[in-house]
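Below, each chain spelled out in residue letters.
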Protein chains: 2
Amino acid sequence: MAYSYFDEKLPHLIIIGGGFAGLELVKKLGNKPYRVTLLDKNNYFTFQPMLYQVAAGGIGPDGIAYPLRKVVSRYPNIVFRMTEVRQVDTQNNSVQTSIGEFSYDYLVIAIGAQTNFFGNTVLEANTLQLKSVSDALQLRSSILLAFEKALTAKNEAAQRKLLTFVVVGGGPTGVETAGALAEMKKHVVPSDYKELDASRMSVYLIEASPRVLSSMSEESSDAVLKFLTGMGVEVLLNTAVESYDGNILKLNNGKIIESDTVLWAAGVKSNNLKGIDKEFLGKAGRYKVNEYNKVIGLENVFALGDAAIMEGDPNFPMGHAMIGTPAQQQARHLAKNLIRAAKGKDWLPFRYFDPGTMATVGRNKAVMEIFGTKTSGWFAWLGWMFLHLMLLVGFRNRVVVFVQWMWNYFSYDRAIRLITRPPGKTIET
Amino acid sequence: MAYSYFDEKLPHLIIIGGGFAGLELVKKLGNKPYRVTLLDKNNYFTFQPMLYQVAAGGIGPDGIAYPLRKVVSRYPNIVFRMTEVRQVDTQNNSVQTSIGEFSYDYLVIAIGAQTNFFGNTVLEANTLQLKSVSDALQLRSSILLAFEKALTAKNEAAQRKLLTFVVVGGGPTGVETAGALAEMKKHVVPSDYKELDASRMSVYLIEASPRVLSSMSEESSDAVLKFLTGMGVEVLLNTAVESYDGNILKLNNGKIIESDTVLWAAGVKSNNLKGIDKEFLGKAGRYKVNEYNKVIGLENVFALGDAAIMEGDPNFPMGHAMIGTPAQQQARHLAKNLIRAAKGKDWLPFRYFDPGTMATVGRNKAVMEIFGTKTSGWFAWLGWMFLHLMLLVGFRNRVVVFVQWMWNYFSYDRAIRLITRPPGKTIET
């Protein structure tokens, strides 16, 4: 039996956000007895784990962005609306948006996370970030523009400053971006910028804790540290950034780094909706949810993924990591519970199954800890590529990314060296 | 023998513009006894004939844009500088740019063309154009955003206005874009926007002369007209636009079309440089050149392609068409003459060899007039694709475009339906 969006007898569920959680929920509620409205300010899903490859010019944005309508259009019970959500009214079960008001029976908050500058507005104004396609294109343009400017720098000091790239934060994004920059230093700068002395280019990775990738084992952290230093990245551990004014980066050990290009990848916090009180928020601004992903204290309101912090999953008392896997699992589980509810069955509590994590540093260099095994190097790198290809949305995107990866591998090239944005911060689209 | 850019004894040639002409000249002067500086405000070459496919979401911009450094870096006697040219001083043989002053022995103006609004600033402010990658992404976003807005239009009239797309100008750009829009109406709108009545979408093509593609034979014009009308495009011949205020398009026959999205492809004019007097300009603002592409009345200054209008080519008394082929041929010929000059030989006059023209309207629908033969339909369409793949710069871009074309062909899909720009006019990058 086909359920129609226009069957008013079905309960209406609104999903805010078409990321890992929102998209998964759409797929699982397709052709189920709910009317579903998916809202997002963009008309595409962004595969955030590979944004750094867009920034490095290795793949085009169309490989990792996927039109939400291509998924939604399969299901007669689901519609998509591209809109900015202005406010939520949980008293009256409604959502105010730039295209009008929507009433809901169930609301699902799947709005993801944003970069956390920990309130430092000067940092926020002067550093780049990497959370959206726009950010990635901005970073790509900034890196390439720095090379261009370095060619005509007035002296060596000015040139070195332009060629100094600082990545703050030793999580997967930071590690992967620093690795990609080191590969540009080795393969792109010497061929594209023959007039530049490539040895004047520096890549710093700054991490406040004693090791990179602190969510992985010490073994993997050590392997990644070795990869990075071997590639020429200057990794500063136990080091925090005190300030950055667009020119001078001050560290808490008194050291100073002069740089034009600083990527801030040192933290994330949940996005938030107007109309829901701060009392419902937990750590990192995430909505506190119970084992059913229901926001504690609100009726018929759920939160998923980065936007949710769950109390009650026994193996994860601090909540789940702000990455795609728990988001997708929670969405799948919520769909299951909603379908059970429609049949009059009771709800089941969520338990996260952690398949492990992985990160790639560069060609033949990655670490992988999945299903209880640890591996690093060439095999982990192949595994990273294989799994990420599978995780991409849509057969076309897999083919397009695969072709570009093959090109990059055999040519040592990062072909998409296009400066398409003016200098400075991201223009939000 | 390898010539070095840093050998001051070699004559210095500056090329302004890395389009069809500039890029061809770079290739032909590579490893020849000249120091060559290529200047462009972008760091990439744009393959303009396929911009409309980017606008239609069929291919990504990285398929048709190519980093200029990837070409230049092959040659030790050539450098590239990304810069905006501010002024030219032909008395003192120098070029002022945003990164300083360059002296030249020879100057080559290869700055291409821009959209010609014939002085109508209201039209310029309200219509879209299609001359750059930025323009194409802007048009793509505008088309998709119109569909999104149409879903929530307040009444049928407002919806029809949003779904009315007007292309002004029946040259190749206009024909190809109108065809691509008609294909979106047939294949994309019904699947992505099930709630919309696709029959409310209209595509207009407006041409002031009695036929489309007036540079081709009447036979081809007729074939294209049949293709277009068969696809549902409303072609208005002998019709000129009087005004467009962003909402209402007035035609010279008194008719009015209400539309939010108007593409202006009704003319081009040469870009111009400050510092060179208007007396040196001919029709469409092009620099008047002699048979050696030397700007008439200036010493050691040449102009190529769209920026040049040649007097003296016996078969083309009105100058050559403002398309890529004459630009490339002129560049090749100028390189040959410069190399002859370096050997003390005399200069040869340029004669354009016209290989013919072609245009594609849609799947299996194209017209081709090359080497004296005329053909239309499926075979011409294959020919168009084959030749354009060959004309693309770089093996990677050919592979990437080919893969996307195969995808589009077998899926009837235009996969890159990403809204990545805010509404309105192009933000120049």
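Placed above this text is the structure.
Now for a look at the structure at hand. (Residues numbered from 1 in each chain as written. Chains lettered and ligands numbered in written order. Predicted model: local features only at pLDDT ≥ 70, side-chain atom pairs only at ≥ 80, totals over all residues. Heavy atoms only, no water.)

### Details of the sheet that holds strand 9 (residues 106-109) of chain B
All names here are of chain B. One open sheet holds the five strands; their spatial order is 5-2-1-9-20, and the pairing between them is parallel. What marks the edges here is a single partner per strand, and that holds for strand 5 (78-82) and strand 20 (301-303). On average, each strand axis in the sheet is tilted by 20° relative to the strand beside it, whichever way the strands run. Judged from the three bridges that link them, strand 9 and strand 20 form a sheet pairing that is parallel. Bridged to V108 within strand 20 is F302. (Pairing = 2+ DSSP bridges. Helix = DSSP H or I, 4+ residues; strand = E, 2+ residues; numbered from the N terminus. Axes fitted to C-alpha atoms, helices over the stretch in contact; angles between N-to-C directions.)

### Topic: the relation of the copies chain B and chain A
Once chain B is rotated about the relating axis by 180° and shifted along it by 0.0 Å, it coincides with chain A to within an RMSD of 0.0 Å. Here the copies are linked by what is in effect a two-fold axis. The fraction of interface residues of chain B whose copies in chain A are also interface residues reaches 100%, indicating that both copies meet through the same surface. (Least-squares fit on C-alpha atoms with pLDDT ≥ 70 in both. Contact = heavy atoms within 4.5 Å.)

### Side note on the interface of chain B and chain A
In many reports, interface size means the accessible area that the parts give up when they come together. Each partner contributes to the interface: chain B provides 45 residues, whereas chain A provides 45 residues. With both sides pooled, the region where chain B packs onto chain A buries about 4000 Å², and carbon together with sulfur makes up 60% of that total. Among the residues of chain B in contact with chain A, R69(B), E195(B) and R396(B) are the three that bury the most area, contributing 16% of the side total. The interface formed by chain B and chain A holds six salt bridges in total. For K70(B), the salt bridge identified is with D413(A), shortest N-O distance 2.4 Å. Seen at the junction of chain B and chain A, the total is 16 residue pairs in polar contact (both at pLDDT 80 or more). Of all elements in the fold, only strand 4 (65-67), helix 3 (68-72), strand 5, helix 5 (133-151), helix 7 (172-192) and helix 11 (395-411) of chain B reach the threshold of two or more residues within the side of chain B that touches chain A. Of all the elements, helix 11 of chain B adds the most residues to the side of chain B that touches chain A, at seven residues. (Buried area = accessible area lost by both parts, 1.4 Å probe. Salt bridge = Lys/Arg side-chain N within 4 Å of Asp/Glu carboxyl O. Polar contact = N/O pair within 3.5 Å; in protein donor to acceptor, adjacent residues only side chain to side chain.)

### Looking at the pairing of strand 2 (residues 35-40) of chain B
Residue and element names in this part refer to chain B. The buried fraction of strand 2 amounts to six of the six residues, a majority that puts the element mostly inside the structure. Burial along strand 2 is two-sided: the residues R35, T37 and L39 and V36, L38 and D40 are all buried. Pairing of strand 1 (residues 12-16) with strand 2 involves five bridges; the strand directions are parallel. Each residue of the ladder has a partner; that of I14, found in strand 2, is T37. As for the winding sense of the linkage, the β-α-β connection from strand 1 through helix 1 (residues 20-29) to strand 2 is right-handed. (Buried < 20%, exposed > 50% of the residue type's maximum accessible area, 1.4 Å probe, protein only. Right-handed = clockwise from strand over helix to strand, strands pointing away.)

### A word on the nonpolar core
By size, the foremost hydrophobic cluster in this structure holds 206 residues, and its most contacted members are L25(A), F147(A), L25(B) and F147(B). Setting aside residues no more than four positions away along its own chain, L25(A) makes contact with L13(A), I15(A), V108(A), L304(A), A331(A), L334(A) and A335(A). (Core = buried A, V, L, I, M, F, W, Y, C linked by side-chain atoms within 4.5 Å.)

### Examining the packing of helix 10 (residues 378-391) of chain B against helix 11 of chain B
Residues and elements named next belong to chain B. The contact between helix 10 and helix 11 brings their axes to 9 Å, and the two run at 155°. Accordingly, the angle class assigned to the pair helix 10 and helix 11 is roughly antiparallel. Here helix 10 and helix 11 pass one another in a crossing that is right-handed. Within the contact between the two elements, helix 10 uses W381, W384, M385, H388, L389 and M390 and helix 11 uses R398, V401, F402, W405 and Y409. A breakdown of the residues in the contact of helix 10 with helix 11 according to their chemical character gives nine nonpolar, one polar and one charged. (Parallel < 35°, antiparallel > 145°, perpendicular 65-115°, else oblique. Left-handed = near helix turned anticlockwise from the far one by under 90°. Nonpolar A, V, L, I, M, F, W, Y, C, P; charged D, E, K, R; others polar.)

### Here we look at helix 5 (residues 133-151) of chain A
An α-helical segment advances 3.6 residues per turn. Residues three or four places apart therefore align on the same side. For helix 5 of chain A, built from 19 residues, the straight-helix expectation of 27 Å at 1.5 Å per residue is met to within 8% by its first-to-last C-alpha distance of 28 Å. Most of helix 5 of chain A sits inside the fold, with 18 of its 19 residues counted as buried. (Expected span 1.5 Å × (residues − 1).)

### Section: the sheet that holds strand 8 (residues 100-103) of chain B
Residues and elements named next belong to chain B. Read from one edge of the open sheet, three strands run 6-7-8, paired in antiparallel fashion. The open sheet is flanked by strand 6 (85-89) and strand 8, the only strands paired with a single partner. Put simply, the sheet's adjacent strands are angled 20° from each other on average, direction ignored. Note that strand 7 (residues 94-97) and strand 8 share four bridges and pair antiparallel. Among the inter-strand pairings, V95 is bridged to a residue of strand 8, identified as F102.

### Structural notes on the side chain of S94(B)
Examined against the element boundaries, S94(B) turns out to sit in strand 7. Residues in contact with S94(B), not counting those within four places in the same chain, are Q87(B), V88(B), D89(B), E101(B), F102(B), S103(B) and Y104(B).

### With respect to the packing of aromatic side chains
Each aromatic ring pair is specified by the distance between its two centres and by the angle formed by the two planes. All told, the structure shown has 34 aromatic pairs over all chains when counted by the stated rule. Residues F20(A) and F45(A) carry aromatic rings whose centres are separated by 5.2 Å and whose planes lie at 85° to one another, so their mutual orientation is edge-to-face. Here F20(A) is found in helix 1 (residues 20-29), whereas its partner F45(A) is found in strand 3 (residues 44-46), with 25 residues between them in sequence. Of the residues examined, F20(A) reaches a relative accessible area of 18% and is grouped as buried. Taking the centre distance of 5.6 Å and the plane angle of 0° together, the rings of F302(B) and W347(B) count as stacked. Pair noted here: F302(B) is in strand 20 and W347(B) is in the loop between helix 9 (324-342) and strand 22 (356-362), with a separation of 45 residues, a long-range link. The exposure class of F302(B) is buried, given its relative accessible area of 3%. An aromatic cluster of three or more residues is present, and its members are Y34(A), Y106(A), Y292(A), F302(A) and W347(A). A cation sits over an aromatic face here: R363(A) above Y409(A), 4.2 Å from the ring centre. (Phe/Tyr/Trp six-rings, centres within 6.5 Å; stacked < 30°, edge-to-face > 60°. Lys NZ or Arg CZ within 6 Å of the ring centre and 35° of its normal.)

Read these as geometric descriptors, not functional statements.
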